[in-house]
Amino acid sequence: MIENTITQRLHEITHSHGVRLLYACETGSRGWGFASPDSDYDIRFIYAHKQTKYLSISEFKDTIQVMENAEGEVLDFSGWDIRKVLQHIKRSNASMFEWLQSPIVYFDAYQLKQDLWTLAQPYFAPKAAINHYLGIMHNTQKMAIADEHIKIKKYFYILRPLLAAMWTAKYQTPPPIEFKNMLHLVTNNVVLNKINGLLIDKETANEGFVIPVIPEIQAFVHENHQNCRFEASKMEMPTVNEAPLNKYFRQMIT
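A complete count under the given rule lists 8 salt bridges for this structure. Of the charged contacts in the structure, one is a salt bridge between Glu98 and Arg160, with a shortest N-O distance of 3.2 Å. Within this pair, whereas Glu98 is found in helix H5 (residues 94–99), its partner Arg160 is found in helix H8 (residues 152–171), the two being separated by 62 residues in sequence. Pair check on accessibility: Glu98 and Arg160 agree, each one buried. Through salt bridges with shared partners, one network takes in Arg9, Glu12 and Glu68.

If you trace the backbone, Gln121 turns up in the loop between helix H6 (112–120) and helix H7 (126–144). Under the relative-accessibility criterion, Gln121 is labelled partly exposed at 31%. Taking the C-alpha atoms as reference points, Gln121 and Gln8, 113 residues apart in sequence, are found 32 Å from one another. If we ignore the near neighbours within four places in the chain, the residues touching Gln121 are Phe97 and Pro174.

The next point concerns the sheet that holds strand E2 (residues 41–48). Here 5 strands make up an open sheet; going across it, the order is E3-E4-E2-E1-E5 and the pairing mixed. Here the strands that pair on one side only, and so sit at the sheet edges, are strand E3 (63–70) and strand E5 (105–107). With strand direction ignored, the average angle separating the axes of adjacent strands in the sheet is 20°. Two strands pair when backbone bridges link them, and strand E1 (residues 20–27) and E5 are joined in this way by 2 bridges, in the antiparallel orientation. Bridge pairing links Ala24 to Phe107 in E5. Docked against the sheet, helix H4 (residues 82–90) engages E1, E2, E3 and strand E4 (73–81), running at close to 80° with respect to E4.

Thresholds applied
- Starting afresh in each chain, residues are numbered from 1 along the sequence in its written order.
- Thresholds applied to this predicted model are a pLDDT of at least 70 for local features of residues and 80 or more for the giving and counting of side-chain atom pairs; totals over whole chains, interfaces and linings are not thresholded and use all residues.
- Side-chain numbers come from the whole structure's heavy atoms, not from hydrogens or water.
- Here, a salt bridge means any Lys or Arg side-chain nitrogen found within 4 Å of an Asp or Glu carboxyl oxygen.
- The numbering of helices and of strands both runs from the N terminus, where a helix is a DSSP run of H or I of at least 4 residues and a strand a run of E of at least 2.
- When a residue's accessible area, from a 1.4 Å probe over protein chains only, is under 20% of the maximum for its type it is buried; when over 50% it is exposed; and in between it is partly exposed.
- What makes two residues a contact is simply this: any of their non-hydrogen atoms within 4.5 Å.
- Pairing between two strands is assigned when DSSP locates at least 2 bridges connecting them.
- Note on method: axes are straight lines fitted to C-alpha atoms, helices fitted across the in-contact stretch only, with angles between N-to-C directions ranging 0 to 180 degrees.

See below:
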């Protein structure tokens, strides 16, 4: 099974770099719940160096990147050092809140997923999250639409961050990683039916499959983009206390 291969490679990669694997999960379209038949595997993991590494005056690389093929699948491994992870939680990096909600977990022997999720909550900044997701949506839409056509995959790379921004504007909590868990935000039945139709099509369509843009979805995107921008403009960034993050970091490296 590909899952066993991924887990084995995670241990081999971290061992070869002399680090300790703490957590690993799936992100991207497989984690979001709308994978195509030929979707890559986007494996994200967290690791820790030995304690002495952090006590050196020398700088060291805090990421590990490996891309390879196995069993006919493309495996994209991307790992972050635990200190880098905690720094990004402090900054309310949306990726961290996604990693910690992934429905596909390859490794979590230290209960890091639950512990970090609880630790991260006070650092979530709705204003930063909304702007992050709207930025992704805007850039994707600008690059993906040509001659009033778009790859079906790219439609979801527009809709998912938009729904994440809408969720954050409404609830001011981290949005779910899974697309289906945000669909209730689409209250227009015509638009919802169009999106559900795209979900069905994407289950069998390859990544490069192109369709005409859908006017109802385009209008939905434009309206809610403006609404979310307005809501974010009224929000303030929270005051950050990094002491709990430092305490957790020291626990993990000892």
